[in-house]
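Close look at the chain arrangement
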Amino acid sequence: MKALLLSEYSKLEVADLPRPTVAAGEVLVEVAACGICGSDVHGYDGSSGRRIPPLVMGHEAAGVVAEVGAGVTRFVVGDHVTFDSTVYCGECDYCLSGHVNLCDNRQVIGVSTPDFRRAGAFAEYVSVPERIVYKLPDAMSFAEAAMLEAVSVALHAVAVSGVKGGETALVIGAGMIGLLTLQATRAAGCSRVMVADVDRTRLKLATEMGADEVILASGADLVRDVLQKTEGRGVDLVLEAVGRDETVTAAVDAVRKGGTVTLIGNITPTVTLPLQKVVSRQIRMQGSCASSGEYRQAIELMSSGKIRVDSLITAVAPLSDGAQWFERLHSREPNLMKIVIDPRIDGN
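Let us look at the structure shown here. Values in this document were obtained by computation on a predicted structure and should not be read as measured data.

1. Describing the packing of helix α4 (residues 148–160) against helix α10 (residues 295–304)
- Two elements in contact, α4 and α10, have axes whose closest approach is 9 Å; the angle formed by their N-to-C orientations is 105 degrees. With respect to α10, the element α4 is oriented roughly perpendicular. Touching Leu148, Glu149, Val151, Ser152 and Leu155 of α4 are Tyr295, Gln297, Ala298, Ile299, Leu301 and Met302, all from α10.
- Among the residues making up the contact of α4 with α10, the classes are represented as eight nonpolar, two polar and one charged.

2. Digging into the layout of surface pockets
- Of the voids in this model, the second largest pocket is the one considered here, and its volume is about 250 Å³.
- Contributing to the lining of the second largest pocket are 17 residues, with Met1, Pro20, Arg118, Ala119 and Gly120 lying nearest its centre.
- Those elements that provide at least two residues to the lining of the second largest pocket are β4 (55–56) and β9 (125–129).
- For the lining of the second largest pocket, the leading source of residues is β9, giving three residues.

3. Examining the pairing of strand β6 (residues 80–83)
- Summarising the sheet, strand β5 (residues 60–68) and β6 pair through three bridges and their orientation is antiparallel. Opposite Val64, over in β6, you have His80 as the bridge partner.
- Both β6 and strand β10 (residues 133–135) contribute to a ladder of three bridges, which runs antiparallel. The residue of β10 that forms the bridge with Thr82 is Tyr134.

4. Points about α4
- Taking 1.5 Å per residue as the helical rise, α4 with its 13 residues ought to reach 18 Å, and the 18 Å between its terminal C-alpha atoms agrees with that figure.
- Within α4, 12 of the 13 residues are buried, which leaves the element mostly enclosed by the surrounding structure.
- When we look at burial in α4, the residues that qualify are Leu148, Glu149, Ala150, Val151, Ser152, Val153, Ala154, Leu155, His156, Ala157, Val158 and Val160.
- A positive phi of about 75 degrees marks Gly162, the residue just after α4.

5. Quick notes on the environment of Ser39
- Checked against the element boundaries, Ser39 lands in helix α1 (residues 38–44).
- Look at Ser39 and you get partly exposed, because its relative accessible area is 29%.
- Between the C-alpha atom of Ser39 and that of His59, which follows or precedes it by 20 residues, the distance is 9.9 Å.
- Here Ser39 is in contact with Arg51 and His59, once residues within four sequence places are set aside.

Procedures and definitions
Residues numbered from 1 in each chain as written. Predicted model: local features only at pLDDT ≥ 70, side-chain atom pairs only at ≥ 80, totals over all residues. Heavy atoms only, no water. Axes fitted to C-alpha atoms, helices over the stretch in contact; angles between N-to-C directions. Helix = DSSP H or I, 4+ residues; strand = E, 2+ residues; numbered from the N terminus. Parallel < 35°, antiparallel > 145°, perpendicular 65-115°, else oblique. Contact = heavy atoms within 4.5 Å. Nonpolar A, V, L, I, M, F, W, Y, C, P; charged D, E, K, R; others polar. 1 Å grid on protein atoms, 1.4 Å probe; cavity = no way out; pocket = protein on both sides within 12 Å on 5 of 7 lines; lining within 4 Å. Points joined across faces, edges and corners; volume = space filled by probe spheres on them. Pairing = 2+ DSSP bridges. Expected span 1.5 Å × (residues − 1). Buried < 20%, exposed > 50% of the residue type's maximum accessible area, 1.4 Å probe, protein only.

Here it is, written out as structure tokens:
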């Protein structure tokens, strides 16, 4: 099969690789769409340490069941499907309690570390366990379905934040996850949602996707604007979708006393925490990792139109153009959101 291989850091090439074999309990998927995630871009240059070459990356995918292994009962050849990016064991204490994203034996599709290696979906075929596969509605396109993984991440962030409805919320960062988190807070019943970023184009998208107010600022300027808009009180909830010192500090300063700051972004591995403010103002700091069973909810919300992804897809491209798109994303070319690779497209 053809696959987009990370042969060494910052080098991608279309390679001929063996078609995956299908073990018992697995499903072979003919890939029809696979989105380039920001984590893939950070893996491409080696900065994340979680894409050790050689590796086929890609975990935001959808396609058609091409073959099923022994014991598979929920899917047949021809089904349109997507799958979770997390391969969980289903047997550890975390899995049994419903926290599959915290599985003791967790692996991730399209990721390689010193502990594990899982081939991803920037390829014509990928084999995945049946337990992480979900059937798609007939009306959902493959490109849209490739966004389900990111939507589930946003829904999980809102779920762990304990949203009950009626809260005021601030989303910091209007990238892909931030814009989906905006829509997830809306779907969960937040009464007022602000979005902050330093990119006017992204804030325009935020307005189109339902933000009540957008703030073109960061750091102290962002905090000042939020406090002015909330009569000095701060918002009930801040969802931080960047992961830098400046934005985490701003999140703490922009939330009300007794409020919640949920950390989704993790661009930098370490940030400085304003500890005294967190303690003295009794702020709840909540981390959010991947997703944990939100796929069905994501499918329902996208199918109903409550979460929209079509305007976030910049381009659908063949495998042969993959290296070019990775370089454009790595160089932070403006006005690029989600690039979806479709291995079925002939790039010649």
